[in-house]
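Overview (structure and organization)
Here is how the chains run, residue by residue.
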Amino acid sequence: MDRLANTVRPYAWGSTTALPELLGTAPTGEPQAEMWLGAHPGAPSRIDRGAGPVSLAEVIDAAPEAELGADTVRAFGPRLPFLLKLLAAGSPLSLQVHPDRAQAAGGFADEERRGIPIDAGHRNYKDTNHKPELIVALTPFDGLCGFRHPAQAADLLEGLGVDDLKPYVDILRASPEEDALREVLTAVLGAEHHAIAGTVERASVAADRLAAEGGPHAAAYAAYAVLAHHYPGDPGVLAAMLLNHVQLQPGEALFLGAGIPHAYLGGLGVELMANSDNVLRCGLTPKHVDVPELLRVVRFEAGDAGVLRPEDVNGEEVYETPIDEFRLSRFVAAPGAAPHALPSRTPQILLCTAGTVRLREADAEAGAGAGEGAGLALAPGESVFVPAGERITLSGDGTLFRATVVA
């Protein structure tokens, strides 16, 4: 196994304190948004096998089957198919959606054919892959995920008492679910900014007042008021009011599949995703919003946010998702407990988020269970890459997240 040196990304929405507190480092005063763990070309982790630090991506490229295992290469190609992150949101991220594989492949081919540079600000598709995501809260975590039922969205909008919103309320009450959601989102995002900015402002003032008064929608109104504070006049604020507001407690998770509109509003979490950069934005951002393409990708399906809790599988707490490129689980090691052997068929990244977790390489020559070799201890924020086929045991007094692929 290889200890990882990881890059922290300083996006403007990042918290100035959450990652330093976890990592035990001094705050810099600048936002620290994400720590990337993996082999993504944008910020690959680095390892040192005795000849100096080298990119994990380069190590895998040089010997993909040795690092990832033949089964993983056969299923996903000669690259690590997932990216693990620590994500610390100090302010809301953009409202966004991700394409499925077919949409990504078609969109990428179309933009290549039209000669749009890969780094162009108005480019939608950076690669041909889908980008499902899983976020697990380490602290209380605020977010938006998926459409509310139209009747619930109508109640929320009507409760604001803003006359400009009445046409949307009427559509949400009168039209079939998919048609209602599509028509209102299209109207909101397609409106001229100067024409809708006043409506957003009146809605945000009302949301702020209703949040202070309390009531069944107080938490949601408070969240929308915060969005309006960060993005005054942005039509994405009204689009966000069509979505479920969810407050995760530590250990709870959200799975964000293709076509599901979502946004992270605040909190610290562990995020695992397929290795892609494909994002279509719906608002709450100064970046490009391609409304026609967005409407083609969004799934206009209502439902609750689908909060996930881990399921125990022989001491491994697994967050079940319908994705093969990644699998996230959690171990809570207790003092005095017997070492827990990790599966070894697939490549894995192990991340400590609390306490101290001790990892040891099993002694392959001595046979299973006969002994242990070299080991190391992980403190919060520390991580390792374990190549496929390497047998590891864990023990200690702490929490460890395990990212791998579905075997």
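Everything that follows concerns the structure shown earlier in this document.
Let us look at the structure shown here. (Residues numbered from 1 in each chain as written. Predicted model: local features only at pLDDT ≥ 70, side-chain atom pairs only at ≥ 80, totals over all residues. Heavy atoms only, no water.)

**Some remarks on the packing of aromatic side chains**
If you walk through the whole model with that rule in mind, you get three aromatic pairs. Taken together, a centroid distance of 5.8 Å and an interplanar angle of 35° make the contact between Tyr11 and Trp13 tilted. For Tyr11, a relative accessible area of 28% puts it in the partly exposed group. Taken together, a centroid distance of 5.5 Å and an interplanar angle of 20° make the contact between Phe147 and Phe300 stacked. On the criterion of sequence distance, the pair formed by Phe147 in strand E9 (residues 141-147) and Phe300 in the loop between helix H12 (291-297) and strand E14 (311-313) is long-range, its members being 153 residues apart. Taking the ring centre of Trp36 as reference, the NZ or CZ of Arg9 above it sits at 4.5 Å. (Phe/Tyr/Trp six-rings, centres within 6.5 Å; stacked < 30°, edge-to-face > 60°. Buried < 20%, exposed > 50% of the residue type's maximum accessible area, 1.4 Å probe, protein only. Helix = DSSP H or I, 4+ residues; strand = E, 2+ residues; numbered from the N terminus. Lys NZ or Arg CZ within 6 Å of the ring centre and 35° of its normal.)

**Details of helix H9 (residues 193-213)**
With 21 residues, H9 extends 30 Å between its outermost C-alpha atoms, agreeing within 8% with the 30 Å of an ideal straight helix rising 1.5 Å per residue. Of the residues making up H9, those classed as buried are Ile196, Thr199, Val200, Ala203, Ser204, Ala206, Ala207, Leu210 and Ala211. Of the residues trailing H9, Gly214 is marked for its positive phi of about 85°. (Expected span 1.5 Å × (residues − 1).)

**What about the pattern of salt bridges?**
If you walk through the whole model with that rule in mind, you get 23 salt bridges. Of the charged contacts, one joins Glu325 and Arg101 as a salt bridge, the two residues approaching to 2.6 Å between their closest N and O atoms. You can see Glu325 sitting in the loop between strand E15 (316-319) and strand E16 (327-333) and its partner Arg101 sitting in helix H5 (residues 101-113), a full 224 residues away along the chain. On the basis of relative accessible area, Glu325 is assigned to the buried category, the value being 4%. The salt bridge partner of Arg330 is Glu317, with a shortest N-O separation of 2.7 Å. Residue Arg330 is located in strand E16, and its partner Glu317 is located in strand E15; the two are separated by 13 residues in the primary sequence. Taking the relative accessible area as the measure of exposure, Glu317 reaches 21% and is therefore partly exposed. The network of salt bridges with shared partners includes Asp2, Arg49 and Glu67. (Salt bridge = Lys/Arg side-chain N within 4 Å of Asp/Glu carboxyl O.)

**Notes on the state of the cysteines**
Per the stated rule, a full pass over the model turns up zero disulfides. As a non-bridged cysteine, Cys282 has Cys145 as the owner of its nearest cysteine sulfur, 12 Å distant. (Disulfide = S-S within 2.5 Å.)

**Overview of the layout of surface pockets**
One number sums up the size of the largest pocket: a volume of about 990 Å³. Where the lining of the largest pocket is concerned, the elements lending two or more residues are strand E3 (34-37), strand E6 (82-89), strand E12 (262-274) and strand E13 (280-283). The greatest single-element share of the lining of the largest pocket, amounting to five residues, is contributed by E12. By residue class, the composition of the lining of the largest pocket is 17 nonpolar, eleven polar and twelve charged. (1 Å grid on protein atoms, 1.4 Å probe; cavity = no way out; pocket = protein on both sides within 12 Å on 5 of 7 lines; lining within 4 Å. Points joined across faces, edges and corners; volume = space filled by probe spheres on them. Nonpolar A, V, L, I, M, F, W, Y, C, P; charged D, E, K, R; others polar.)

**What to know about the nonpolar core**
Of all hydrophobic cores here, the largest spans 58 residues; its most connected members are Leu144, Phe147, Leu160, Leu172, Leu238 and Met241. In terms of nonpolar packing, the next biggest core, distinct from the first, is built from 35 residues, Ala39, Ile60, Tyr319 and Ile349 among them. (Core = buried A, V, L, I, M, F, W, Y, C linked by side-chain atoms within 4.5 Å.)

**Focus on the environment of Ala334**
With respect to the helices and strands, Ala334 occurs in the loop between E16 and strand E17 (340-341). What makes Ala334 partly exposed here is its relative accessible area of 39%. Expressed as a C-alpha distance, the spacing of Ala334 and Asp397, which sit 63 residues apart in the sequence, is 4.8 Å.

**Some words on empty space enclosed by the protein**
Counted according to the given criterion, the structure contains one cavity of 30 Å³ or more. Considering the residues around the largest cavity, the lining is formed by Leu95, Phe147, Leu185, Ala239, Leu243, Pro261, Cys282 and Val298. Class assignment for the residues of the lining of the largest cavity results in eight nonpolar, no polar and no charged.

**A few points about the environment of Leu242**
Structurally, Leu242 is set in the loop between helix H11 (236-240) and strand E10 (243-248). In sequence terms Leu242 and Pro261 are 19 residues apart; their C-alpha atoms lie 9.8 Å from each other. Apart from the residues within four sequence positions on either side, Leu242 is in contact with Gly146, Phe147, Arg148, Ala153, Leu172, Val184 and Leu185. (Contact = heavy atoms within 4.5 Å.)

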